[in-house]
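# Structural overview
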Amino acid sequence: MRDLLRGAKAVFVAYFIGELVRSKGLTYGLLSLAVWLSLFTSPALLFARGEAVGPLATRILVGMAVFLAYSTATWDWAMLLRWLVQLGVLEYVIASGSPLLSHYLGTVPVSVVWYLVALGIAYAVVSTFVGPPEIVLADLPALALGVCSLLLVLMAYSFLLGGTMLAAGTVGPIAEFIGWVLPIATGGLVPLAAMPRPLQLVAHLTPFSYPAELLRYSLGVSAPVLDPGATAVIGITYSAVFFAISYVYLSYQVKRMLKEGVRTAALF
């Protein structure tokens, strides 16, 4: 455990310094994010039919928060192994005896900081184009379970993409499907209650819908399709199982890589 934490600290310092080096590039990136989120709100407004401004703004903000969380997991956590391969240091990392988990843990604090910055930009965009969101904490335990289950799902998702990158050298199709299609199709952007029944059934088969449902319920945005208690139990259990399976998959691909060598990372 001490070696794991020491490695995570070293990765955190290196990653944090690397983010600071981005300087103006980071500023431009945040500005482009603001423009992109502005375009994101336009389609959402098309489906607003006489809804009060406050609840509508909150619903849009929660959808943005979930989508930004998947984007963070994709481009910060899931692409970590591809970044190490492209730098040509993955073999050295493994030879040093440092577990790959320490690299994931080291990037999380920096990713959380930039996620909060992006969430602040999303709040400003929604407040400007829609109205101030009405943030109401309706159920604190549900909020805690929603955040925990979302973190487990995001980390498991990053393990899945990382293992796939080691196996095939690319994660493009999976990243596009899980990072874009599933958050929309499984209720990440809109409540499941507002979606067709067939999509609700599909969403409940995946671990991605439950955290979003819990977050919306805890903030008073909408009630989940299932009973809130059942949603919480199934969500946290499903997330933990998904995390365990993805970690086993990543560990297997690391062992396979040690036998067959590192595959060249594709750009997409």
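Residues numbered from 1 in each chain as written. Predicted model: local features only at pLDDT ≥ 70, side-chain atom pairs only at ≥ 80, totals over all residues. Heavy atoms only, no water.

### Quick look at the overall build of the chain
- Of the regular secondary structure elements, the chain holds 11 helices and zero strands.
- In the chain, the order of α-helices and β-strands from amino to carboxyl end is α-α-α-α-α-α-α-α-α-α-α.
- The buried share of the chain, reckoned over its 268 residues, is 45%.
- Taking contacts inside the chain between residues at least 6 apart in sequence as the whole, the part at least 24 apart equals 78%. (Helix = DSSP H or I, 4+ residues; strand = E, 2+ residues; numbered from the N terminus. Buried < 20%, exposed > 50% of the residue type's maximum accessible area, 1.4 Å probe, protein only. Contact = heavy atoms within 4.5 Å.)

### What to know about the pattern of salt bridges
- In total, this model carries one salt bridge according to the counting rule given.
- A salt bridge links R216 to E213; the nearest nitrogen and oxygen atoms lie 3.0 Å apart. Of this pair, R216 and E213 both sit in helix α10 (residues 209-218), separated by three residues, roughly a single helical turn. We note that R216, like E213, is buried. (Salt bridge = Lys/Arg side-chain N within 4 Å of Asp/Glu carboxyl O.)

### Let's talk about the confidence of the model for the chain
- For the chain, per-residue confidence averages 78 on the pLDDT scale, and residues scoring 70 or more make up 74% of the total.
- Mean pLDDT across the elements of the chain bottoms out in helix α1 (residues 2-21) (64) and peaks in α10 (90). (pLDDT = per-residue confidence, 0-100.)

### Brief notes about the nonpolar core
- The biggest cluster of nonpolar side chains holds 50 residues, and the ones touching the most others in it are L81, L90, Y104 and L166.
- Elements that contribute at least two residues to this core include exactly α2 (24-46), α3 (53-78), α4 (80-87), α6 (100-129), α7 (140-168), α10 and α11 (228-260).
- When residues of this core are assigned to their parent elements, the largest contribution, 14 residues, is made by α3.
- Those residues in contact with L81 that lie beyond four places of it in its chain are L90, L100, Y104, G162, M165, L166 and L250. (Core = buried A, V, L, I, M, F, W, Y, C linked by side-chain atoms within 4.5 Å.)

### Focus on α11
- The end-to-end C-alpha distance of α11, which contains 33 residues, comes to 47 Å, matching closely the 48 Å that a straight helix rising 1.5 Å per residue would cover.
- Taken together, the buried positions of α11 are T231, A232, G235, S239, F242, S246, L250, Q253, V254 and M257.
- Capping the start of α11 is the job of one residue whose side-chain oxygen sits 3.0 Å from the backbone nitrogen of G229: D227.
- Looking at the residues trailing α11, positive phi occurs at G261, about 95 degrees. (Expected span 1.5 Å × (residues − 1). Polar contact = N/O pair within 3.5 Å; in protein donor to acceptor, adjacent residues only side chain to side chain.)

### Quick word on the packing of α3 against α7
- Between α3 and α7, whose axes approach to 9 Å, the crossing angle comes to 40 degrees. By the criterion of interaxial angle, the relationship of α3 to α7 is oblique. For α3 against α7, the interelement crossing comes out right-handed. Every residue of α7 that contacts α3 at A69, Y70, A73, T74, W77 and A78 is listed here: L150, V153, L154, M155, Y157, S158, L161 and G162.
- Its residues assigned to classes, the contact of α3 with α7 shows 11 nonpolar, three polar and no charged. (Axes fitted to C-alpha atoms, helices over the stretch in contact; angles between N-to-C directions. Parallel < 35°, antiparallel > 145°, perpendicular 65-115°, else oblique. Left-handed = near helix turned anticlockwise from the far one by under 90°. Nonpolar A, V, L, I, M, F, W, Y, C, P; charged D, E, K, R; others polar.)

### Quick look at the side chain of T72
- Within the fold, T72 resides in helix α3.
- Apart from the residues lying within four places of it in its own chain, the contact partners of T72 are W77, S111 and Y115.

### Considering the environment of L215
- In this structure, L215 sits in helix α10.
- Since its relative accessible area comes to 11%, L215 is described here as buried.
- C-alpha of L215 to C-alpha of V147: the two residues are 68 residues apart in sequence and 7.3 Å apart in space.

### Examining the packing of aromatic side chains
- Summed over the entire model, instances satisfying the criterion amount to six aromatic pairs.
- Arranged with centres 5.8 Å apart and planes meeting at 50 degrees, the rings of Y70 and F208 form a pair that is tilted. Taken together, the positions of Y70 in helix α3 and F208 in the loop between α9 (197-204) and α10 put the pair 138 residues apart, joining distant regions of the chain. Summarising the burial analysis for this pair, Y70 and F208 share the class buried.
- Ring centres of F159 and F243 lie 5.5 Å apart, and the angle between their planes is 50 degrees; on these two criteria the pair is classed as tilted. Note that F159 is positioned in helix α7 and F243 in helix α11, a separation of 84 residues in sequence.
- Taken together, Y70, Y157, F208 and F242 form an aromatic cluster joined through their ring pairs. (Phe/Tyr/Trp six-rings, centres within 6.5 Å; stacked < 30°, edge-to-face > 60°.)

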